[in-house]
Amino acid sequence: MRYIWLIIGIVMASSCKKWLDVKPVSQVSEEDLFKTEAGFEEALTGIYSRCSAIELYGFELNCGFPEVLAQNYTLVGQDFHQYQQTAIYNYKDDDFIRRKDDVWRGLYNAIVNCNLLLENLDKNGDILTNDKYAIIRAEALALRAYLHFDVLRLFAPSFKSNASANAIPYVTTFSNKVTPLSTVSETLDQIVADLKQAKEIIRPFDPILKAGYVTGYPWVYYDEQTGNDQTEDDAATLFLTQRRHRMNYYAICGALARVLLYAEQKEEALQNALEVIDSNKFPWTNNDNFIESDPEKKDRILYKELVFAWYIPNMRTELANKFTTEATGLFLEDNACKALYETGGVGGDDNRFKEWFRLISGTGNNISRRHLQKYMRENEINRHFLVAPAIRLSEMYYIASECAYDADPEKGATYLNTVRSNRGMGTPLTISNKEQLMEELVKEARKEFYAEGQIFYMYKRLNRGITAQLGGNVPPSDQIFVLPLPDYEIEFGNR
């Protein structure tokens, strides 16, 4: 009998508040787990919990080494900092090897559990109602694709660089057999196929598609901004609440837009991005909520705009506390932060700079530091859940801008300026050509996705130099953009 290690989400309720208290369970037999509807739900929740671990999206893949590789932290003068060698692209450093191998192992562990769940849906899925079967199957397929895509973006050349290069194993079965490497192009095709299948399966059943489904802040049932009752906490079962914390229909559209852009299939990428934008399910955050001084009313994460977010129950201890004044804390030197946000010119009104960074003057080597506040919470309060962004509405606008510009430059520029205006910068950019648009998009993405793990992938997709903190850049190269496969992966048959 097979046994699996499972993280089960235990649903708790207190007054009008609902949340997941994630607790480990030692061993659960596969046969027992998949006997009931609740078992299938718990298995899926366990995959999300695995992905939220500190070595994955609970910290490392959002704020850790991809951000260091993108030169987003000041490590000069911090001798013996854990990321010191990573910042200079020393991929033979023991600490870096451990981190990137943990990411590989963790992502494939979650992928294997997606495959186990899909296998048991084929065997025992008839115990589920039609809607539960469809939602669980679609989310498992979408997660499998999403996770493979991040493995691809880290450990293989980009599509632009070498589409025919050997890339990564695309694992679709629960087995101990070695899966051979697929090429970059083949891997992207499999990712897109999984996402498209998931999109079609979930379309008739996802509550987020209902006209009455209104996104909002937790435990707030009337939204003063929209005049609507928000309904994310309301569902027939707790399993179907808070769809934005799961691979919902629009998250799948967003993931497709991201992947198709990477594969340079821009027309279809635009279609999926616009499906998210035109749904009007994800309203721009009211600036009053962003700049609010009262912590109980403050929205640092721009929560309503999140199409998909990872629930991080230990966010205060494992994520926010990484940005501290301690010796190992991550920060950006004051002048570098001002340069990033262009505060001396067009970025002077940027609320992201004002609200996401706190100035600590003259600490450590007499460096004035900016410490990130994006993930900060005061005494467990703020307007939103403990989440880390996975797919933002703004990313859909960036994708639409890039994909629409060639056919309609004015519309392409408008998509970019829409994001900027919602960040406090009311003066629109005048875009003269595609290269200028791309320069401004990269600047914008650096500001918007700071400490979210996305900008390194953008540099890689475009084969652009990585912008240094105070001028200059790191030239684009697969020696930087492609992380080495783990030794054990090479040893057991993939080279």
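Our subject is the structure that appears above.
The structure presented is a predicted model; accordingly, all values stated were derived computationally and were not measured.

This part covers the overall build of the chain. When its secondary structure is counted, the chain shows 21 helices and 11 strands. The long-range share in the chain, meaning contacts at least 24 apart out of those at least 6 apart in sequence, stands at 70%. In the structure as shown, the chain presents an accessible area of about 19,600 Å², 49% of it carried by carbon and sulfur atoms.

On to helix H2 (residues 37-51), then. Here H2 is 15 residues long and its end C-alpha atoms lie 22 Å apart, about the 21 Å a rise of 1.5 Å per residue gives. Within H2, the full set of buried residues consists of Gly39, Phe40, Glu41, Ala43, Leu44, Thr45, Gly46, Ile47, Tyr48, Ser49 and Cys51.

Time to look at the packing of aromatic side chains. Going through the model one piece at a time under the given rule, you end up with 27 aromatic pairs. Both rings, one in Tyr73 and one in Tyr450, keep their centres 6.0 Å apart while their planes meet at 85°; by these two values the pair is edge-to-face. In this pair, Tyr73 is assigned in the loop between helix H4 (65-69) and helix H5 (84-87) and Tyr450 in the loop between helix H18 (434-448) and helix H19 (455-462), connecting sequence segments 377 residues apart. With respect to class, Tyr73 is no different from Tyr450; both count as buried. Taking the ring centre of Tyr303 as reference, the NZ or CZ of Arg244 above it sits at 4.4 Å.

Our focus in this paragraph is the pattern of salt bridges. Counted by the stated rule, this structure contains 40 salt bridges. A salt bridge links Arg137 to Asp122; its shortest N-O distance comes to 3.2 Å. With Arg137 in helix H7 (residues 130-155) and Asp122 in helix H6 (residues 94-124), this pair connects stretches of sequence that are 15 residues apart. The class for Arg137 is buried, based on a relative accessible area of 15%. Between Glu402 and Arg461 there is a salt bridge, and its shortest N-O distance comes to 3.0 Å. Of the two residues, Glu402 sits in helix H16 (residues 393-404) while Arg461 sits in helix H19, which places them 59 residues apart along the sequence. Looking at Arg461, the relative accessible area reads 11%, which means it is buried. Three or more residues joined by partner-sharing salt bridges are found here, namely Glu305, Asp350, Arg352, Arg420, Arg423, Glu444 and Glu448.

We now examine the environment of Ala339. Relative to the helices and strands, Ala339 is located in helix H14 (residues 334-340). Looking at Ala339, the relative accessible area reads 42%, which means it is partly exposed. Spatially, the C-alpha atoms of Ala339 and Leu470 are 7.0 Å apart, while their sequence positions differ by 131 residues. Not counting chain neighbours up to four residues away, the residues in contact with Ala339 comprise Gln469 and Leu470.

Within the secondary structure, Arg99 sits in helix H6. With relative accessibility at 8%, the residue Arg99 sits in the buried group. At 2.9 Å, the side chain of Arg99 forms a polar contact with the side chain of Tyr83. Among residues more than four places away in sequence, those in contact with Arg99 are Glu60, Phe65, Gln82 and Tyr83.

Right, let's talk about unusual backbone geometry for a bit. In this structure, Gln71 is a non-glycine residue whose phi angle is positive, near 65°. Within the secondary structure, Gln71 is located in the loop between H4 and H5. In this structure, Gln242 takes a positive phi of about 50° despite not being glycine. Here Gln242 shows up in the loop between helix H9 (184-202) and helix H10 (249-262). The exposure class of Gln242 is buried, given its relative accessible area of 8%.

On to the packing of H2 against H6. Axis separation between H2 and H6 bottoms out at 9 Å; the angle between their running directions is 170°. Put simply, H2 runs roughly antiparallel to H6. Packed against H2, whose contacting residues are Phe40, Ala43, Leu44, Ile47, Arg50 and Cys51, the element H6 presents Gly106, Asn109, Ala110, Asn113, Cys114, Leu117, Asn120, Leu121 and Asn124 at the interface. Split into classes, the residues belonging to the contact of H2 with H6 amount to nine nonpolar, five polar and one charged.

All right, on to the nonpolar core then. One finds Tyr146, Met247, Trp310 and Tyr375 to be the most contacted residues of the largest nonpolar core, which totals 159 residues. For this core, the leading source of residues is H7, giving 16 residues. Residues contacting Tyr375, with those up to four places away along its chain left out, are Cys63, Ile301, Met315, Leu319, Ala320, Phe323, Val387, Ala388, Pro389, Ala451 and Glu452.

Procedures and definitions
- Residues numbered from 1 in each chain as written.
- Predicted model: local features only at pLDDT ≥ 70, side-chain atom pairs only at ≥ 80, totals over all residues.
- Heavy atoms only, no water.
- Helix = DSSP H or I, 4+ residues; strand = E, 2+ residues; numbered from the N terminus.
- Contact = heavy atoms within 4.5 Å.
- Areas by Shrake-Rupley, 256 points an atom, 1.4 Å probe, with all protein chains shown as cover.
- Expected span 1.5 Å × (residues − 1).
- Buried < 20%, exposed > 50% of the residue type's maximum accessible area, 1.4 Å probe, protein only.
- Phe/Tyr/Trp six-rings, centres within 6.5 Å; stacked < 30°, edge-to-face > 60°.
- Lys NZ or Arg CZ within 6 Å of the ring centre and 35° of its normal.
- Salt bridge = Lys/Arg side-chain N within 4 Å of Asp/Glu carboxyl O.
- Polar contact = N/O pair within 3.5 Å; in protein donor to acceptor, adjacent residues only side chain to side chain.
- Axes fitted to C-alpha atoms, helices over the stretch in contact; angles between N-to-C directions.
- Parallel < 35°, antiparallel > 145°, perpendicular 65-115°, else oblique.
- Nonpolar A, V, L, I, M, F, W, Y, C, P; charged D, E, K, R; others polar.
- Core = buried A, V, L, I, M, F, W, Y, C linked by side-chain atoms within 4.5 Å.

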